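Read off the chains here:
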Amino acid sequence: MSLHISAKQGEIAKIVLIAGDPLRAKHIAENFLDDYKLVSSTRNAFYFTGIYKGTAVTIGASGMGCPSIGIYSYELFNEYGVECIIRIGTAGGYTTDLKVYDVINVDRAFSESTYAKCAFGLEGDSIDHQGKAYQIINTTADFLNIPVIKSCIHSSDVFYRHDPAVPKMAMDNNCSAVEMEAFALFANAKYLNKMAATIVTISDIIPTHEGMSAEQRERSLETMYKLALESVVEIGKII
């Protein structure tokens, strides 16, 4: 067991899909995995391990924000021997060029967060995806005929802000959307020499206020789930 995950050694697969919402992780396990088992429920951050098309995979929750996913992903990489983590989350679109339910495969995360610098001495305000998962996701999307946008993203430390304008960092770096976790996940993977990717579904368009309900965020992201799980099968062939 680690400090925040109560699974025993051997109960976490080498590939993990991590969602912010524990109920999203539960929904995926119940509807997509065979022979799944709840292996950790500490703080109600559920982790399930099961089989998808012959490949072992764990699906769990990270909570919201860089500090939270930083804890969970570090423990998974460092204490459970996980080789690849794919974040599956939602994001807000900064531009009306995006539509609700669009899927983004994140190539780089920009952030004002001090997470990477304070934790590992990593300088700079952006970190790329790590390892081969990103390209495997793109190749899998092409094979499945799933439209995927390859884009950089803004990993923000704040959800509510007094200024409704697109933040300068996002504007200067052409970030198409905003979420809160990819930067820390990529930082951990870079420091520990692991594989990490982030797939997000656009849940709302910030300029127009169009968006999903909370229930839709939990249950209506099947295209992203399918892409992530089919990519797991391919990643499993190389680790």
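A brief look at the structure comes next. (Residues numbered from 1 in each chain as written. Predicted model: local features only at pLDDT ≥ 70, side-chain atom pairs only at ≥ 80, totals over all residues. Heavy atoms only, no water.)

1. What to know about the packing of aromatic side chains
In step 1: Within the structure shown, the criterion is met by eight aromatic pairs.
In step 2: On the basis of an interplanar angle of 15° and a centroid distance of 6.3 Å, the ring pair of Tyr-74 and Phe-120 is categorised as stacked. One end of the pair, Tyr-74, is in helix α2 (residues 66-80); the other, Phe-120, is in helix α3 (residues 115-120), and 46 residues separate them in sequence.
In step 3: You can call Tyr-74 partly exposed: its relative accessible area is 26%.
In step 4: Phe-120 sits in the buried class, given a relative accessible area of 17%.
In step 5: Grouping aromatic residues by their ring pairs yields a cluster made of Tyr-74, Tyr-115, Phe-120 and Tyr-191. (Phe/Tyr/Trp six-rings, centres within 6.5 Å; stacked < 30°, edge-to-face > 60°. Helix = DSSP H or I, 4+ residues; strand = E, 2+ residues; numbered from the N terminus. Buried < 20%, exposed > 50% of the residue type's maximum accessible area, 1.4 Å probe, protein only.)

2. As for the nonpolar core
In step 1: Counting residues in hydrophobic clusters, the biggest one holds 77 residues, and the most contacted among them are Leu-17, Leu-76, Ile-86 and Ile-88.
In step 2: With residues near it in sequence (within four places) discarded, Leu-17 still touches Val-57, Thr-58, Ile-59, Gly-60, Ile-86, Ile-88, Ala-228, Leu-229 and Val-232.
In step 3: Counting residues in each nonpolar core, the second largest holds seven residues, with Phe-110, Met-169, Ala-170 and Val-178 among its members. (Core = buried A, V, L, I, M, F, W, Y, C linked by side-chain atoms within 4.5 Å. Contact = heavy atoms within 4.5 Å.)

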